[in-house]
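# Structure at a glance
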Protein chains: 2
Amino acid sequence: MPPRTRLGALNCSLAQALDIVGDWWTLLIVRDLFIGANRFGEIQKSLGIARTMLASRLEQLERNGILERRGTPRRPLYFLTKKGRDLFPALVALMQWGDRWAAPVGPPMRLTDRNGRAAAPIAVQTRDGATITGENARFAAGPGAAASTRAFIEALAATRRRAR
Amino acid sequence: MPPRTRLGALNCSLAQALDIVGDWWTLLIVRDLFIGANRFGEIQKSLGIARTMLASRLEQLERNGILERRGTPRRPLYFLTKKGRDLFPALVALMQWGDRWAAPVGPPMRLTDRNGRAAAPIAVQTRDGATITGENARFAAGPGAAASTRAFIEALAATRRRAR
DNA sequence: CTGTATCCTTAAAGATACTG
DNA sequence: CAGTATCTTTAAGGATACAG
């Protein structure tokens, strides 16, 4: 009996991303690194995560090139790499969703730039600034699409045409 | 011995969000709903998820107000609610990260608006259009901040001042 | 302070078979 | 087609204690 379906096997970038950062703790650790907590103890205390879990996650994140160790081996500092910092929009988007739908007394944290200007709600846009929403979005097969992906998209398009 | 630390207990909107959609499968199911797969069988086949898992996830998503059932009880259709559709930016941000860092032969899927205009890379911005990155971001306590959250932020700020 | 070593518990995940 | 019931396996997650 196979353990857990490896999401990385799916022909989907979301699945690839989730295969790497899609567990319960990883994005919270990344969050702490963004905020500036880069000591083992700081992160552990901040999240209340088990020390063993934290150690294993940090190692995974390093293996995946999302963070790197600096400082001394005895007292390391963890810093995000470019790949890790690139998670910023995804992380903020999730945080904003939580602010909107699961923060009864208002956001626990406010995000600003260094001049104190608040972050606006994140939107998906075209290059010329038109907003793409879930309602007007279209998905098409890309260069990396497997045959199964193409078939999936085609089948749905056909169904929707019929439904109309 | 407690089972798993409930992320919802943390005073952090990211944690709240992850507590609801932070497992391996949920966002992939939501993705399918965005694409237009709203039958049980379509989703199951598309993801290769176990039927029991899918059933339990769909029920959770309904309980959390992210999707709703339509159609007949015998042959339901699943649709995202406003709360669910609001996950769009987060989902796309993660997908784009996967495109950039885990798609060797190019993106499996392309996202466009209904006129075929491609989605630009998502960025975090202020209201007046300045880009906020992980490097120039600042986090401050918000209205919903618990004492512990304030302390955490203050402590880090102090450390960084000293380090400078 | 930063881990590792162990041990333990439980929930996550899946296969199979059955029902309306 | 859309599930539910049941069972099995294993990995996830955590507590505790110890080490450099």
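Look up: the structure comes first, before these words.
Residues numbered from 1 in each chain as written. Chains lettered and ligands numbered in written order. Predicted model: local features only at pLDDT ≥ 70, side-chain atom pairs only at ≥ 80, totals over all residues. Heavy atoms only, no water.

### Points about the layout of surface pockets
Approximately 780 Å³ is the volume found for the largest pocket. The wall of the largest pocket is formed by 26 residues, among which Arg160(A), Leu33(B), Phe34(B), Ile35(B) and Gly36(B) lie closest to the centre. Of all the secondary-structure elements, those providing two or more residues to the lining of the largest pocket are β6 (138-141) and α7 (147-163) of chain A together with α2 (26-35) and β2 (76-80) of chain B. Counting residues per element, the lining of the largest pocket draws most heavily on α7(A), which supplies seven residues. Residue classes in the lining of the largest pocket are distributed as 13 nonpolar, four polar and nine charged. For the lining of the second largest pocket, the secondary structure elements donating two or more residues are α2 (26-35) and β2 (76-80) of chain A together with α7 (147-163) of chain B. (1 Å grid on protein atoms, 1.4 Å probe; cavity = no way out; pocket = protein on both sides within 12 Å on 5 of 7 lines; lining within 4 Å. Points joined across faces, edges and corners; volume = space filled by probe spheres on them. Helix = DSSP H or I, 4+ residues; strand = E, 2+ residues; numbered from the N terminus. Nonpolar A, V, L, I, M, F, W, Y, C, P; charged D, E, K, R; others polar.)

### A closer look at empty space enclosed by the protein
Taken as a whole, this structure holds one cavity of 30 Å³ or more when the rule is applied. Empty space within the largest cavity amounts to approximately 70 Å³. If you list the elements that add at least two residues to the lining of the largest cavity, you get α1 (13-21) of chain A together with α1 (13-21) of chain B. Classifying every residue of the lining of the largest cavity gives eight nonpolar, two polar and one charged.

### Re the interface of chain A and chain B
Quite often, the size of an interface is put as the accessible area lost when its parts meet. Counting from both sides, the interface comprises 93 residues of chain A and, opposite them, 93 residues of chain B. Buried surface at the junction of chain A and chain B, both sides included, amounts to about 9000 Å², of which 70% is carbon and sulfur. Counting the contacts that link chain A with chain B gives six salt bridges. Two residues, Glu135(B) and Arg85(A), come together in a salt bridge whose shortest N-O distance is 2.6 Å. Put simply, chain A and chain B have 24 residue pairs in polar contact (both at pLDDT 80 or more) between them. (Contact = heavy atoms within 4.5 Å. Buried area = accessible area lost by both parts, 1.4 Å probe. Salt bridge = Lys/Arg side-chain N within 4 Å of Asp/Glu carboxyl O. Polar contact = N/O pair within 3.5 Å; in protein donor to acceptor, adjacent residues only side chain to side chain.)

### Quick notes on the protein's contact with DNA strand D
Neighbouring DNA strand D are 26 residues, the closest being Trp24(A), Arg57(A), Thr5(B), Arg51(B) and Tyr78(B). Within 4 Å of the protein, atoms of DNA strand D come from sugar and phosphate in 69% of cases. A distance of 2.6 Å separates a base nitrogen of DNA strand D from a polar atom in the side chain of Arg51(B). Here a phosphate oxygen of DNA strand D sits 2.6 Å away from a polar atom, N or O, in the side chain of Tyr78(B). Secondary structure elements with two or more residues in the surface near DNA strand D: α4 (51-63) of chain A together with α3 (40-47), α4 (51-63) and β2 of chain B. Residues that form the surface near DNA strand D fall into these classes: 13 nonpolar, four polar and nine charged. (Near = heavy atom within 4 Å.)

### Brief notes about the relation of the copies chain A and chain B
What relates the two chain copies is a rotation about an axis together with a slide along it. Between chain A and chain B, which share one sequence, the superposing operator has a rotation angle of 180° and an axial displacement of 0.0 Å; the RMSD is 0.0 Å. Expressed as an axis order, the relation between the two copies is that of a two-fold axis. An overlap of 100% is found between the interface residues of chain A and their copies at the interface of chain B, pointing to a shared contact surface. (Least-squares fit on C-alpha atoms with pLDDT ≥ 70 in both.)

### Section: the protein's contact with DNA strand C
Taken together, 25 residues lie near DNA strand C, and Thr5(A), Arg51(A), Tyr78(A), Trp24(B) and Arg57(B) sit nearest. At 2.5 Å, a side-chain N or O of Tyr78(A) approaches a phosphate oxygen of DNA strand C. A distance of 2.7 Å separates a phosphate oxygen of DNA strand C from a polar side-chain atom of Arg57(B). For the surface near DNA strand C, a count of residues per class yields 12 nonpolar, four polar and nine charged.

### Some remarks on the nonpolar core
Counting 98 residues, the largest nonpolar core has Leu28(A) and Leu28(B) as its most contacted members. The contacts of Leu28(A), once residues within four sequence positions are left out, are Leu47(A), Leu7(B), Leu10(B), Cys12(B), Leu14(B), Ala15(B) and Leu18(B). (Core = buried A, V, L, I, M, F, W, Y, C linked by side-chain atoms within 4.5 Å. Buried < 20%, exposed > 50% of the residue type's maximum accessible area, 1.4 Å probe, protein only.)

### Focus on α2(A)
Residues and elements named next belong to chain A. Counted residue by residue, α2 has 10 buried out of 10 residues, so it is predominantly covered. Here α2 has its buried residues at Thr 26, Leu 27, Leu 28, Ile 29, Val 30, Arg 31, Asp 32, Leu 33, Phe 34 and Ile 35. Directly beyond the C-terminal end of α2, a positive phi value near 115° is found at Gly 36.

### Re the environment of Arg110(A)
With respect to the helices and strands, the residue Arg110(A) is situated in strand β3 (residues 109-112). As a C-alpha pair, Arg110(A) and Thr26(A) span 84 residues in sequence and 21 Å in three-dimensional space. Ignoring sequence-local partners within four residues, the contact set of Arg110(A) consists of Arg138(B), Phe139(B), Ala140(B), Ala141(B), Gly142(B) and Pro143(B).

### Regarding the side chain of Asn38(A)
Residues and elements named next belong to chain A. Within the secondary structure layout, Asn 38 lies in the loop between α2 and α3 (40-47). According to the relative accessible area criterion, Asn 38 is buried, its value standing at 15%. Not counting residues within four places of it along the chain, the set of residues in contact with Asn 38 comprises Leu 33, Pro 76, Leu 77, Tyr 78 and Phe 79.

### Observations concerning the packing of aromatic side chains
Under the counting rule described, the total for this entry stands at two aromatic pairs over all chains. A cation sits over an aromatic face here: Arg70(A) above Phe79(A), 4.3 Å from the ring centre. (Phe/Tyr/Trp six-rings, centres within 6.5 Å; stacked < 30°, edge-to-face > 60°. Lys NZ or Arg CZ within 6 Å of the ring centre and 35° of its normal.)

### Things to note about the pattern of salt bridges
Tallying each qualifying case throughout the model produces 22 salt bridges over all chains. When the shortest N-O distance is used, the salt bridge between Arg100(A) and Asp86(B) registers 2.9 Å. Taken together, the positions of Arg100(A) in helix α6 (residues 88-101) and Asp86(B) in the loop between α5 (82-85) and α6 (88-101) put the pair across two chains. The class of Asp86(B) is buried, set by a relative accessible area of 15%. The network of salt bridges with shared partners includes Lys82(A), Asp86(A) and Arg100(B).

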